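Residue-level structure breakdown
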Amino acid sequence: MIKLHDKYFKPFISAKQIDEAMQRLALQIAEDIGDEIPVFVGILNGSFMVVSDFVKKYPNPCEVTFIKLASYEGVKSTEDIQRLIGLTQDLTDRTVIILEDIIDTGNTLHEVYRIFKNEQVKSLKIATLFHKPEAYKKDFKLHYVGIEIPNKFIVGYGLDYDGLGRNLPEVYQIKETQYMTNLVLFGPPGAGKGTQANFLKEKYNLVHISTGDVFRYNIKNETALGMLAKSYIDKGELVPDQVTIDMLEAEVEKNTTAKGFIFDGFPRTNAQADALDALMDSKDSQINAMIALEVDDEILVERLLGRGKTSGRPDDADESIIRNRIKEYYDKTAILKDYYTAQDKYFGVDGVGSIDDITLRLSSVIDNLQYEFGN
Ligand code: AMP
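Just so it is clear, the structure is predicted and the values come from calculations on it, not from any experiment. (Residues numbered from 1 in each chain as written. Predicted model: local features only at pLDDT ≥ 70, side-chain atom pairs only at ≥ 80, totals over all residues. Heavy atoms only, no water.)

1. A closer look at the overall build of the protein
- Within the protein one finds 13 helices and 17 strands.
- Taken over the C-alpha trace, the protein has a radius of gyration of 29 Å; the compact-globule value for 375 residues is 21 Å, which it surpasses by more than 25%.
- Considering only C-alpha atoms, the protein reaches an extent of 95 × 35 × 35 Å along its principal axes.
- Here the protein holds 375 residues, and 48% of them are scored as buried.
- Across the protein, the fraction of contacts at a sequence separation of at least 24, relative to all contacts at a separation of at least 6, is 72%.
- Carbon and sulfur atoms make up 50% of the accessible area of the protein, which totals about 18,400 Å². (Helix = DSSP H or I, 4+ residues; strand = E, 2+ residues; numbered from the N terminus. Rg over C-alpha atoms; globule rule 2.2 N^0.38 Å. Buried < 20%, exposed > 50% of the residue type's maximum accessible area, 1.4 Å probe, protein only. Contact = heavy atoms within 4.5 Å. Areas by Shrake-Rupley, 256 points an atom, 1.4 Å probe, with all protein chains shown as cover.)

Printed below as a string of structure tokens:
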């Protein structure tokens, strides 16, 4: 992810994909034109990269020139396109190919046709690396199109956002949602995730989703989901992935304006972690960190038996079920430490001490994250 001015952009089209598209365009055009020497006309500023790479790939002799039209100001396509600068060359009876970086509304193209109306060219053809069919409002034929893209604002490879981004060798797409802080709070049962999540959600204005709480709510209300989950939960086993993933997605979707989430008790398997990454990606966001509370097993058993006396949770009342939950955690869930470590997102925090001290330890991890992302 990159930041240009106030906006975030995510990778969209790689340098390799661009190179392949450019190669296709060059060969296709060369084949159509044959022996004739064409004049390639780039429209500045955006097309400088396209033209430079294109002519290097063009296998036959050719001429190159540029014209300049002011086009984009910031994110919106400006309606009134300014006057043409350049075109000093006589193009009478020449085969002219306009080389564009992107054609979206087609306004620039309209201007190009107006300008070329009085030139006695032999033929005028249009080639563009990118085309946004959904945004295109004109009838002019586009003779050569490299890559069709959805109607999203892009930068890189000559295209800019308010002056920045033209130098990037690949193309990035604007992020629709603003930056969120998404945390996975991790740790064995009894580590204090729920207690700490309650403090952190207030402090950082995040939505706390505990899959265990959602299951218990459903069991209490005797929903179909609750009935299904109960048989697993009562034994201290994990509820099947698809059931849990569907439920979590529904919880996330309920909070459309959230500034971020604390996931507590989720993910517990690799499949859940993959599903969570995909869900965050679909929101143009990501998991920023897994923060794990580290607590010794015997302290956990002691804490959970203590909680069982008042919580009414059947899975907290029985030592063998408690030990099974801790075992499930280490057997199935602790592998997620590797999953997030591989992404450089794992932070272990000592979960033994006073509640306040542990909140402070967690906060310092989160504050560092926010600093890193420039929030
Ligand atoms: P917790 O309150 O997080 O300790 O969760 C209590 C129980 O709910 C667990 O022992 C599981 O049976 C079930 N559960 C909670 N979260 C998940 C999950 N992500 N995947 C599968 N089962 C879960």
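2. A word on the nonpolar core
- One finds Ile18, Ile29, Phe54, Leu129, Phe130 and Tyr157 to be the most contacted residues of the largest nonpolar core, which totals 28 residues.
- Elements with a contribution of two residues or more to this core: α1 (15-33), α2 (48-57), β8 (95-103), β9 (123-131) and β10 (144-148).
- The dominant element in this core, judged by the number of residues it contributes, is α1, at 8 residues. (Core = buried A, V, L, I, M, F, W, Y, C linked by side-chain atoms within 4.5 Å.)

3. Thoughts on the pattern of salt bridges
- Summed over the entire model, instances satisfying the criterion amount to 24 salt bridges.
- For Asp6, the salt bridge goes to Lys7, with nearest N and O atoms at 3.4 Å.
- Two residues, Lys16 and Glu20, come together in a salt bridge whose shortest N-O distance is 3.2 Å. On the criterion of helical spacing, the pair formed by Lys16 and Glu20 is a turn pair, its members being 4 residues apart in helix α1.
- Take Lys16: its relative accessible area is 60%, and that puts it in the exposed class.
- Residue Glu20 is classed as partly exposed on the basis of its relative accessible area, which comes to 38%.
- One salt-bridge network, held together by shared partners, links Arg307, Arg313, Asp315, Asp316 and Arg325. (Salt bridge = Lys/Arg side-chain N within 4 Å of Asp/Glu carboxyl O.)

4. Some details on the pairing of strand β3 (residues 39-44)
- Among the 6 residues of β3, 5 are classified as buried, and the element is accordingly described as predominantly covered.
- Bridge count between β3 and strand β4 (residues 63-68): 6 bridges; the pairing is parallel. The partner of Val39 across the bridge, within β4, is Glu63.
- In terms of strand pairing, β3 meets β8 through 4 bridges, oriented parallel. Paired with Gly42 across the two strands is Leu99, which belongs to β8. (Pairing = 2+ DSSP bridges.)

5. Re the sheet that holds strand β12 (residues 171-174)
- Spatially, the 4 strands line up as an open sheet ordered β1-β2-β12-β11, and their pairing is antiparallel. Looking at which strands have only one partner, the edges of the open sheet turn out to be β1 (2-4) and β11 (154-155).
- Relative to β12, strand β2 (residues 7-13) is paired through 4 bridges, and the arrangement is antiparallel. The partner of Phe9 across the bridge, within β12, is Ile174.

6. What about the environment of Asp213?
- Within the secondary structure, Asp213 is located in helix α5 (residues 211-220).
- With 65 residues separating them along the chain, Asp213 and Glu148 place their C-alpha atoms 45 Å apart.

7. Some thoughts on the domain arrangement of the protein
- Here the protein is described as being made up of domain 1 (2-174) and domain 2 (181-372).
- Each of domain 1 and domain 2 has a C-alpha centre, and these two points are 49 Å apart. (Domains from an automatic or database assignment.)

8. Some words on the sheet that holds strand β16 (residues 289-294)
- Read from one edge of the open sheet, 5 strands run β14-β15-β13-β16-β17, paired in parallel fashion. Looking along the sheet, the strands with just one partner apiece sit at the ends: β14 (207-210) and β17 (346-350). With strand direction ignored, the average angle separating the axes of adjacent strands in the sheet is 20°. (Axes fitted to C-alpha atoms, helices over the stretch in contact; angles between N-to-C directions.)

9. Description of the site of the ligand
- Around the ligand, a shell composed of 15 residues is seen, among which Thr211, Glu237, Gly265, Arg268 and Gln272 lie nearest.
- Note that an oxygen atom of the ligand is positioned 3.0 Å from one of the side-chain N or O atoms of Arg216.
- A distance of 2.5 Å separates an oxygen atom of the ligand from a polar backbone atom of Glu237.
- The element best represented in the shell around the ligand is α5, accounting for 4 residues.
- Class assignment for the residues of the shell around the ligand results in 5 nonpolar, 5 polar and 5 charged. (Near = heavy atom within 4 Å. Polar contact = N/O pair within 3.5 Å; in protein donor to acceptor, adjacent residues only side chain to side chain. Nonpolar A, V, L, I, M, F, W, Y, C, P; charged D, E, K, R; others polar.)

10. Quick word on α2
- Of all the positions in α2, only Met49, Val50, Val51, Phe54 and Lys57 are classed as buried.
- Buried-residue contacts for α2 involve α1, β3, β4, β8 and β9.

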